[in-house]
Amino acid sequence: MAFKLDSVVPWGRNMEEYKLMFRLEDNDMSKKIAGFGDGPACFNYEMTERNGSVISFDLIYQFSKEDIEKRIEEVRTTVMQQMRENMDNYVWKNIKSLEELESTRMSAMRKFLSDYEKGKAEGRYVFHELLDKLPYGADYFDIGLSSHFLLMYTSLGYDFHIASMTEMLRVCKEIRIFPIVDLDANKTDLIKNVIDYFQRDYNVEIVKTEYEFQKGDNKLLIIKNRDVI
Ligand SMILES: C[S@@+](CC[C@H](N)C(=O)[O-])C[C@H]1O[C@@H](n2cnc3c(N)ncnc32)[C@H](O)[C@@H]1O
């Protein structure tokens, strides 16, 4: 069945948030980075502005700018309504209010939209669906990132996560995944089992982040190929 844009809730974060979620240091910013499930985040745009090297992969990049823009406007009110109803589940430290949240997210997504067609032409936004194979050789990227996608959508299942992350680890020297809880901020057996699986053959680390928006979402998973120092 063809993938439909109305099954996605596009909602994007900015570079400052990516830096905090993934503990990206200054020396990481000049590395070759892949963003999996970057959606309408403006990390790619802001990094490109700073001469960084980021390729973003997402299912929604098969759609036009107009279609993505329309979908963002469709979900905006519902997402903000849900946030209003669940305010107590969030830490209002970096982002201080619902109004600031909406303007931060909308600003990030507008930056993404302004860059989308140029970035697509430059090969920076690539339509790709995990768990499909990526058109790159081994260790092409230094770091692969996944924010609010892998491990979070537990309904995608164990096999999906193992195959997707194995493919990411083929083309990236290391991958970083944030957060490591499900959509309801719970640790799940699936997440534990996926981590156990990679611990057998890779260096696996769970590190605390300064970034915590949903309460308890403050841990980052880093998986490195053993031959990476
Ligand atoms: C909640 S958004 C996160 C966007 C961005 N990473 C951020 O944190 O701002 C999740 C993204 O994962 C993408 N996605 C879902 N399933 C996917 C798949 N199988 N392959 C690639 N992208 C997928 C969605 O299209 C969506 O853009």
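Residues numbered from 1 in each chain as written. Predicted model: local features only at pLDDT ≥ 70, side-chain atom pairs only at ≥ 80, totals over all residues. Heavy atoms only, no water.

Looking at the overall build of the chain
So, point 1. Regarding its fold elements, the chain presents six helices and seven strands.
So, point 2. Radius of gyration (C-alpha) of the chain: 17 Å, near the 17 Å computed for a compact globule of 229 residues.
So, point 3. Structurally, the chain occupies a C-alpha span of about 45 × 40 × 40 Å along its principal axes.
So, point 4. Counting every position in the chain, which comprises 229 residues, the buried fraction comes to 50%.
So, point 5. Taking the contacts inside the chain whose residues are at least 6 apart along the sequence as the reference set, 74% of them involve residues at least 24 apart.
So, point 6. Summing over all exposed atoms, the chain offers an accessible surface of approximately 11300 Å²; the carbon and sulfur share of this is 48%.
So, point 7. Positive and negative side-chain charges of the chain, numbering 32 and 40 respectively, have mean locations separated by a distance of 2 Å. (Helix = DSSP H or I, 4+ residues; strand = E, 2+ residues; numbered from the N terminus. Rg over C-alpha atoms; globule rule 2.2 N^0.38 Å. Buried < 20%, exposed > 50% of the residue type's maximum accessible area, 1.4 Å probe, protein only. Contact = heavy atoms within 4.5 Å. Areas by Shrake-Rupley, 256 points an atom, 1.4 Å probe, with all protein chains shown as cover. Lys, Arg positive; Asp, Glu negative; His and termini not counted. Charge placed at Lys NZ, Arg CZ, Asp CG, Glu CD.)

Quick notes on the environment of Lys32
So, point 1. Within the secondary structure, Lys32 sits in strand E1 (residues 32-36).
So, point 2. Between the alpha carbons of Lys32 and Ser53 there is a distance of 5.2 Å; along the sequence they are 21 residues apart.
So, point 3. For Lys32, the contacting residues outside a window of four places in its chain are Ser53, Tyr140, Phe141, Asp142 and Ile143.

Some remarks on the layout of surface pockets
So, point 1. Put simply, the largest pocket is a space of about 1400 Å³.
So, point 2. For the largest pocket, the lining is made up of 47 residues, of which Val9, His148, Met152, Tyr153 and Leu183 are closest to its centre.
So, point 3. Secondary-structure elements contributing two or more residues to the lining of the largest pocket are strand E2 (53-58), helix H3 (65-85) and helix H4 (98-121).
So, point 4. Counting residues per element, the lining of the largest pocket draws most heavily on H3, which supplies five residues.
So, point 5. Residues of the lining of the largest pocket, tallied by class, amount to 27 nonpolar, 13 polar and seven charged. (1 Å grid on protein atoms, 1.4 Å probe; cavity = no way out; pocket = protein on both sides within 12 Å on 5 of 7 lines; lining within 4 Å. Points joined across faces, edges and corners; volume = space filled by probe spheres on them. Nonpolar A, V, L, I, M, F, W, Y, C, P; charged D, E, K, R; others polar.)

A look at the packing of aromatic side chains
So, point 1. A complete count under the given rule lists 21 aromatic pairs for this structure.
So, point 2. With 5.9 Å between their ring centres and 80° between their planes, Phe57 and Tyr136 make a pair best called edge-to-face. Pair noted here: Phe57 is in strand E2 and Tyr136 is in the loop between strand E3 (125-127) and strand E4 (141-147), with a separation of 79 residues, a long-range link.
So, point 3. Judged by relative accessible area, Phe57 falls into the buried class, the value being 2%.
So, point 4. Residue placement shows Lys32 over the ring face of Tyr140; its charged tip is 4.0 Å from the ring centre. (Phe/Tyr/Trp six-rings, centres within 6.5 Å; stacked < 30°, edge-to-face > 60°. Lys NZ or Arg CZ within 6 Å of the ring centre and 35° of its normal.)

Structural notes on the site of the ligand
So, point 1. Taken together, 20 residues lie around the ligand, and Arg13, Gly37, Asp58, Leu130 and Ser147 are the ones closest in.
So, point 2. At a separation of 2.8 Å, an oxygen atom of the ligand approaches a polar backbone atom of Arg13.
So, point 3. Taking Ser147, its side chain carries an N or O atom lying 2.4 Å from an oxygen atom of the ligand.
So, point 4. About the coverage of the ligand: the protein hides 91% of its 600 Å² of free accessible area.
So, point 5. Broken down by class, the residue content of the shell around the ligand amounts to ten nonpolar, six polar and four charged. (Near = heavy atom within 4 Å. Polar contact = N/O pair within 3.5 Å; in protein donor to acceptor, adjacent residues only side chain to side chain.)

Overview of the nonpolar core
So, point 1. Counting 41 residues, the largest nonpolar core has Phe22, Phe43, Ile68 and Leu145 as the members making the most contacts within it.
So, point 2. For this core, the secondary structure elements donating two or more residues are helix H1 (15-21), helix H2 (43-49), H3, H4, E4 and strand E7 (219-224).
So, point 3. Leaving out residues up to four positions away in the same chain, Phe43 has contacts with Arg13, Met15, Tyr18, Leu24, Ile33, Val54 and Leu145.
So, point 4. In terms of nonpolar packing, the next biggest core, distinct from the first, is built from 30 residues, Leu130, Phe141, Met165 and Ile195 among them. (Core = buried A, V, L, I, M, F, W, Y, C linked by side-chain atoms within 4.5 Å.)

A closer look at a positive patch on the surface
So, point 1. A surface patch of positive charge is lined by Lys93, Lys187, Lys208 and Lys219.
So, point 2. By secondary structure assignment, the location of Lys208 is in strand E6 (residues 203-208).
So, point 3. Given a relative accessible area of 54%, Lys208 falls into the exposed group. (Patch = residues over 30% accessible without salt bridge, like charges linked within 9 Å, V, L, I, M, F, W, Y side chains within 5 Å. Salt bridge = Lys/Arg side-chain N within 4 Å of Asp/Glu carboxyl O.)

Comments concerning the side chain of Arg124
So, point 1. Along the chain, Arg124 turns up in the loop between H4 and E3.
So, point 2. Within the structure, Arg124 has its side chain in polar contact with the side chain of Asp115 (distance 2.8 Å).
So, point 3. Polar side-chain contacts of Arg124 include one of 2.9 Å to the side chain of Glu122.
So, point 4. Here Arg124 is in contact with Asn44, Thr48, Val54, Ile55, Ser56, Asp115, Lys118 and Gly119, once residues within four sequence places are set aside.

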